[in-house]
Amino acid sequence: METRDQIAWSRIGPVSNFSGTVKCGNYLLFRGETSLGVGVRTCLYLLGLAYCFLGLSAITARFFRSMENVVKHSRKVVEIDPDTNAEVVRYEKVWNYTIADISLLAFGTSFPQISLATIDAIRNIGNLNAGGLGPGTLVGSAAFDLFPIHAVCVVVPKAGELKKISDIGVWLVELFWSFWAYIWLYIILEVWTPNVITLWEALLTVLQYGLLLTHAYAQDKRWPYLSLPIERTERPEEWVPEEVISCKHQHNDYEEYSEIVQVGEEDSRNVVDIFSIHSPIGTGPAYEKVLGTDDTVESSERYSLSEQDVDAVALWKQQFVDAIMLERHESRKLINIPLRLARISWQLLLAPWRLLFAFVPPHHIAHGWIAFICSLLFISGIAYIVTKITDLISCVTGINAYVIAFTALAAGTSWPDLVASKIAAERQLTADSAIANITCSNSVNIYVGIGVPWLINTTYNFFAYRQPLRVQDAAGLSFSLLVFFSTSVGCIGVLVYRRLTLGAELGGPRIWAWATSVYFMLLWLIFIVLSSLKVSGIN
């Protein structure tokens, strides 16, 4: 069994060195790849990895639209007025805002990492050693979420504009569970059962995600004994500004209502506004009017179309039409020929992904659940290709797979997190969701992203071999956790200092916003450099 474990680990560990003295016999598409030089193969695989990240961004945008339709679903509530004894009909959202942030939003933006880690675990079923790609990617993703994404969000508001967290209580609960996740991971790696993971440790890791959801909901509802005695302050009734809402109903071109995301366009109308879930009137791109449909809507939802009014078949056909169109209407009006050619080239590059993702049904069907599930399947497929390409990069270059995981893979798979938080920082009146997405994603990374794959492996090993799961890079992973924890304290400390001095976590005077941004990026570089040196020293 030990020999088989070593063979399994060689699939994700360095097999050759960069000088090419040891030939890497693995290939992605055809056997002829092995005859190419090391530099050429490395370049091709890196380009393939970048193209997969582009596909992940595109399908994740479609996933967000389906998620919006899931969250905007309202239920009819009939009450009796005690004074007039008349029936009062009102509509309320099925999803709680806080739970939507932690579950659908954080889970959705983290699904590329979760899917990659789960696939890596399934590939290693039957081995006593855990795969290195999953944990490395998820810890690296946590660092990317905390530092670069905060660095972007703090400078996104306009000069002098301040955006602060309105519900400090919920944020503190989310922050506590985020920090505890990494403390817990260090405990099970170094204290309780050093270098191994037992079935009970994996199970407890997953169950703590449920505790996070329960505690956050209790704080949001201010349950006695389970919530902090901190009142919600200045929380606006509408979390999306009115000017953003109104601009969504001023377009008449049919193609504006297509689900195909126009990546690279400056027009903000084509950016997926995933935070319309926080608008009490339920507006957003997922609910825009489609030409040729009945305009009749419920009086309580006058800004959105009912599911029966949406011509889903016409929308689905339009998805394929848009997928093969290289020029949009506004691009044809451009006089600048080089810019027009650049846009056509960009659309040509995106065409394969757009055509593939056109098979995902429109998000109007079944409240978005079908598109939601189909998007997850596509994300899982791309994640599988990413794991194969990463294996090859490690094999060809001799770079440890763990280093590739918490650098390139972490940054690429965390792109949806960056987009989500940036949109929130731009469009929402408060900083709640922009920062909640960061802290909740970090929690999801551990409780679900690492917990579920380890639960799969430990369950199999328990029943098949009665043996725990060994963590090959436990020392490097534990060191990365310590560095991350230390630098994250510095990050949160600055956010608290900004709240005490400027009155808000995001925005403010331009010079201070950029100074904070640079500081966050330096913390990220410290994490990357120290973790890479440690792993290189071990191996």
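Residues numbered from 1 in each chain as written. Predicted model: local features only at pLDDT ≥ 70, side-chain atom pairs only at ≥ 80, totals over all residues. Heavy atoms only, no water.

Caption draft 1: Just the side chain of Ser478, in detail. Among the secondary structure elements, Ser478 is positioned in helix α15 (residues 474–501). A relative accessible area of 3% places Ser478 in the buried class. Here the side chain of Ser478 touches Glu190 through a polar contact of 2.6 Å, side chain to side chain. (Helix = DSSP H or I, 4+ residues; strand = E, 2+ residues; numbered from the N terminus. Buried < 20%, exposed > 50% of the residue type's maximum accessible area, 1.4 Å probe, protein only. Polar contact = N/O pair within 3.5 Å; in protein donor to acceptor, adjacent residues only side chain to side chain.)

Caption draft 2: How the structure looks around the pattern of salt bridges. With the rule as written, the count across this model stands at 6 salt bridges. With a shortest N-O distance of 2.6 Å, Glu426 and Lys422 are connected by a salt bridge. Within this pair, Glu426 and its partner Lys422 are both found in helix α13 (residues 415–427), separated by 4 residues, close to a single helical turn. By sharing partners, the salt bridges in this structure join Asp120, Arg123 and Asp391 into a single network. (Salt bridge = Lys/Arg side-chain N within 4 Å of Asp/Glu carboxyl O.)

Caption draft 3: Up close: the state of the cysteines. Counting across every chain of the model gives 1 disulfide. Each disulfide pairs two cysteine sulfurs, and for Cys24 the partner residue is Cys395, the sulfurs being separated by 1.9 Å. An S-S torsion of about 115 degrees defines the bridge between Cys24 and Cys395 as right-handed. Taken together, the residues Cys24 in the loop between α1 (2–10) and α2 (38–71) and Cys395 in helix α11 (residues 369–397) connect sequence positions 371 residues apart. Owing to a relative accessible area of 3%, Cys24 belongs among the buried residues under this scheme. Here Cys395 falls in the buried class, since its relative accessible area comes to 3%. (Disulfide = S-S within 2.5 Å.)

Caption draft 4: Region of the structure containing the pairing of strand β1 (residues 74–80). Sheet analysis places β1 next to strand β2 (residues 87–93), joined by 7 bridges and oriented antiparallel. Among the inter-strand pairings, Ile80 is bridged to a residue of β2, identified as Glu87. Between β1 and β2, which pair antiparallel and follow one another directly, the connecting turn spans 6 residues, one of which, Asn85, has a positive phi of 60 degrees. (Pairing = 2+ DSSP bridges.)

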